[in-house]
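Here's the letter readout for the chains.
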Amino acid sequence: MGAIDPAAETEAGKEEKRAEVEKEEKKVKDVEAPERKDGAPKGEKEVVVVAVDPTVQTHSDTAMASRLQTQRGMPPIHVVMQHGTGAPAMPVPVPVPVGSTPPQVPLSTLNSRNYTNKISLFLFLLHFAAAALGVCFFVYKAIEGAVEPHTHRSEKHKRLLQYWVPPIEAAVLLGIILAFSWQKAVRTWPEFMVYFILWASFGITMAAGVLLLCFSLPATAGLGVALILFSIGSGLYACWVTRRIAFTGKVFCQSMQPVSKFKGLNGPAYLMVGLGFFWMLLWCLAVIGALDFYYPPLTIIYLVLSLAWTAEVMRNVTNLTVSRVIALYYLRGMQCNTQFSFQRAISLNLGSACLGSLFLPSIEALRILARGLNLLEGEDEFMFSCAHCCLHVMESIFNYGNSWAFVHIAAYGKSFVAASISTWRQFQQQEMEELVDSDITSSVCFLTGVSSGALCVILSASMTFATYKHYTATVSLIAFFVGYLMTRIGMALPQACIACYYVCYAENPGSRLFDSTIPHRLERIRTGREPVAPTPRFPHRITRT
């Protein structure tokens, strides 16, 4: 047997490897450009960029590119000169996408002409028509009873008009002044006002409660105790959320910046507050006429519930108007017309405003209950079971109804439930659930209304006690109610701006219109450097200091 020459074997291996390399290079260089159709001269050189997309390469293409880069140092993107030779150009870097860009919503969706929640709209209009007829009728009955000759009924009505109506009308007037003042202060000094509102509500409600106790009347004593207990609770709440106040102040400051770019954005808020003012003036007179109607307690309860629902609808009409203007600015950079947005809010989206106004106060009350049970669930087995049952119910309710929904209702014309689901799903995609669930801006706006109500109580109760003290309790109760509602309507603008700030960031976090306030907060929460208190959705969060 003859031995094989090692030199010959080496030469054969080199020839085989050289042939393989030339074959692979030929595959790359044989890139033929399509036939020129623009009439260019045949001899003109054409540059063809060959890009290797790593997301669509097959296994064989990947292996071939890897071998070429190893053996000949060819980049994944290079230039091949047709009809000539030339040195390869420098590689062009391929940008790597950091995150997916949210899909652009067509303008037809932004300008949807469909009415939302038609059943709720019909029920509200039916109720409001009945309430308007009832108020007009009861105002007539109150005036008729006052002008009658000397009878027991006329004396009662005259006494009510003389001693009961003026303090309440003064409370309504003070309420509209406070509504404008709170909104102006929040827009001018947003960070300072967060601290001020939290602690002012504690002091003002405490003062109102002490004043009612000093009257030494059984009815006013009960109201005074209730206000003092609320004052203590609000003070404890202010201590509990101390670490969140600084971030809330930043959110107020950043979210209010776009307001100055839109002339007349305050117009709907001022209009709704003015309409609420005149409606409450008539409503106070209607209560007097309802006292002599059939079943006075049921009639007055209907009037009270009607006023609450109507005032909430007025507040959410302002909310929808501001939300559309600010949301389209964040999402599309559009300068939306305020008047057009207001027309949509009182027509196409009014049904969603009615449905949200009917259920959101109850949902917020249940949320407060869930927070309380969340703090008590570890005390004993019974409270543990009740807390878990309540928290599961709250979880289901929050998914289908939340205050963030008004942004998508205004921007995309969705129904209330669909908008609630879509906004929360976006929060989940951006992992913002803990951030928005621990948000205290809604609590700040609520305490603003409570502070105004307490100030109205101090004014009206003092006037009534000095003139006819037997009306002090009822006057104080109604004064608190109307003062609270008026301020809540005025505070709809800052609350809508804050909702747009969160929801629009969740939809397009890469927008240049947002600063690092939310990303920095999210990073601190995820890394455990920011202590976040447990909430109904996250009852078992571990708080780190």
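The structure displayed is predicted, hence computed values, not measured ones.

**Student:** Tell me about the overall build of the chain, residues and numbers included.
**Tutor:** If you tally the helices and strands in the chain, you get 20 helices and two strands. Here the chain holds 545 residues, and 46% of them are scored as buried. At a minimum sequence separation of 6, the contacts of the chain that also span at least 24 residues come to 77%.

**Student:** So what's going on with the environment of Lys118? Residues and values would help.
**Tutor:** Relative to the elements of secondary structure, Lys118 occurs in helix α4 (residues 118-147). Using a relative accessible area of 57% as the deciding quantity, one classes Lys118 as exposed.

**Student:** Can you explain the packing of aromatic side chains? Please cite residues and give values.
**Tutor:** For the structure shown, the criterion picks out 29 aromatic pairs. Ring plane angle 75 degrees and centroid distance 5.2 Å describe the contact between Phe124 and Trp309, whose orientation is recorded as edge-to-face. Note that Phe124 is positioned in helix α4 and Trp309 in helix α10 (residues 296-332), a separation of 185 residues in sequence. Each member of the pair, Phe124 together with Trp309, is buried. Members of the aromatic cluster, connected to one another through ring pairs, are Phe262, Tyr329, Tyr330, Trp404, Trp424, Phe427, Tyr501, Tyr502, Tyr505 and Phe514. For the cation-ring pair, Arg244 lies above Trp240, with the distance from its terminal atom to the ring centre recorded as 5.2 Å. Directly above the ring of Phe247 sits Arg521, whose terminal nitrogen or CZ lies 4.6 Å from the centroid.

**Student:** Explain the environment of Ile288 to me, and be specific about the residues and the numbers.
**Tutor:** Along the chain, Ile288 turns up in helix α9 (residues 267-290). Considering only alpha carbons, one finds Ile288 and Lys141, 147 residues apart in sequence, at a separation of 8.3 Å.

**Student:** How would you summarise the packing of helix α19 (residues 492-507) against helix α20 (residues 517-526) if you had to cite specific residues and measurements?
**Tutor:** Packing of α19 against α20 brings their axes to within 11 Å, and their N-to-C directions diverge by 75 degrees. The pairing of α19 with α20 is recorded here as roughly perpendicular in orientation. Here α19 contributes Tyr501, Tyr502 and Tyr505 to the contact with α20, which in turn contributes Thr517, Ile518, Pro519 and Leu522. For the contact of α19 with α20, the class distribution of residues is six nonpolar, one polar and no charged.

**Student:** So, the packing of α9 against α10: which residues are in play, and what are the values?
**Tutor:** As a packed pair, α9 and α10 sit with axes 10 Å apart at the nearest point and diverge in direction by 175 degrees. As far as their axial angle goes, α10 and α9 are roughly antiparallel. Along the contact surface, α9 presents Pro268, Ala269, Met272, Leu275, Gly276, Trp279, Met280, Trp283, Ala286, Val287 and Ala290, while α10 presents Pro296, Thr299, Ile300, Leu303, Val304, Leu307, Met314, Val317, Thr318 and Thr321. Of the residues that constitute the contact of α9 with α10, the class distribution is 17 nonpolar, four polar and no charged.

**Student:** I'd like a rundown of the side chain of Ser451, residues and numbers included.
**Tutor:** Along the polypeptide, Ser451 turns up in helix α17 (residues 441-467). Take Ser451: its relative accessible area is 0%, and that puts it in the buried class. A polar contact of 2.9 Å, which involves the side chain of Ser451, links it to the backbone oxygen of Leu447. Ignoring sequence-local partners within four residues, the contact set of Ser451 consists of Trp182, Ala200, Ser201 and Ile204.

**Student:** Now, about a nonpolar patch on the surface: what can you tell me, with residues and values included?
**Tutor:** Taken together, the side chains of Phe137, Tyr140, Phe293, Tyr294, Tyr295, Leu298, Ile301 and Leu305 define a hydrophobic patch exposed on the protein surface, amounting to about 960 Å² of accessible area. Relative to the elements of secondary structure, Tyr295 occurs in the loop between α9 and α10. For Tyr295, a relative accessible area of 63% translates into the label exposed.

**Student:** Tell me what's going on with the UniProt feature "transmembrane region" (unreviewed entry) in the chain, and back it up with residues and numbers.
**Tutor:** The UniProt entry lists residues 121-143, 163-180, 192-213, 219-240, 269-288, 294-314, 440-462 and 468-486 under the feature "transmembrane region" (unreviewed entry), expressed in the numbering used here. Secondary structure over residues 219-240 splits into 100% helix and 0% strand, and the C-alpha atoms at its two ends are 32 Å apart. Counting secondary structure, residues 269-288 comes out at 100% helix and 0% strand; the distance between its end C-alpha atoms is 29 Å.

**Student:** Run through α4, naming residues and quoting values.
**Tutor:** Owing to its 3.6 residues per turn, the α-helix aligns residues three or four sequence positions apart on the same side. Taking 1.5 Å of rise per residue, 30 residues should cover 44 Å, and α4 covers 44 Å from first to last C-alpha, within 8% of that figure. Among the residues making up α4, those that are buried are Ser120, Leu121, Phe124, His127, Ala131, Gly134, Val135, Phe138, Val139, Ala142, Gly145 and Ala146.

**Student:** Can you lay out the pattern of salt bridges for me, pointing to particular residues and giving the numbers?
**Tutor:** One pass over the full model with this rule turns up four salt bridges. Note that Glu312 is salt-bridged to Arg315, the shortest N-O span being 2.9 Å. Of the two residues, Glu312 and Arg315 are both situated in helix α10; the distance of three residues between them amounts to about one turn of the helix. Across the salt bridge formed by Glu431 and Arg526, the nearest N and O atoms sit 3.5 Å from each other. Of this pair, Glu431 sits in the loop between α15 (416-429) and α16 (433-437) while Arg526 sits in helix α20, and the two are 95 residues apart along the sequence. Judged by its relative accessible area of 46%, Arg526 falls in the partly exposed class.

**Student:** Talk me through helix α11 (residues 338-345); I want residue IDs and the actual numbers.
**Tutor:** For α11, the set of buried residues is Thr338, Ser341, Phe342, Arg344 and Ala345. Seen end-on, α11 carries its buried residues on one side only, within an arc spanning 160 degrees. The backbone nitrogen of Gln339 lies 2.9 Å from a side-chain oxygen of the residue at the head of α11, namely Asn337.

Definitions and limits used
Residues numbered from 1 in each chain as written. Predicted model: local features only at pLDDT ≥ 70, side-chain atom pairs only at ≥ 80, totals over all residues. Heavy atoms only, no water. Helix = DSSP H or I, 4+ residues; strand = E, 2+ residues; numbered from the N terminus. Buried < 20%, exposed > 50% of the residue type's maximum accessible area, 1.4 Å probe, protein only. Contact = heavy atoms within 4.5 Å. Phe/Tyr/Trp six-rings, centres within 6.5 Å; stacked < 30°, edge-to-face > 60°. Lys NZ or Arg CZ within 6 Å of the ring centre and 35° of its normal. Axes fitted to C-alpha atoms, helices over the stretch in contact; angles between N-to-C directions. Parallel < 35°, antiparallel > 145°, perpendicular 65-115°, else oblique. Nonpolar A, V, L, I, M, F, W, Y, C, P; charged D, E, K, R; others polar. Polar contact = N/O pair within 3.5 Å; in protein donor to acceptor, adjacent residues only side chain to side chain. Patch = residues over 30% accessible without salt bridge, like charges linked within 9 Å, V, L, I, M, F, W, Y side chains within 5 Å. Areas by Shrake-Rupley, 256 points an atom, 1.4 Å probe, with all protein chains shown as cover. Salt bridge = Lys/Arg side-chain N within 4 Å of Asp/Glu carboxyl O. UniProt positions renumbered as here; feature names shortened; annotations may be inferred. Expected span 1.5 Å × (residues − 1). Arc of directions from axis to C-beta.

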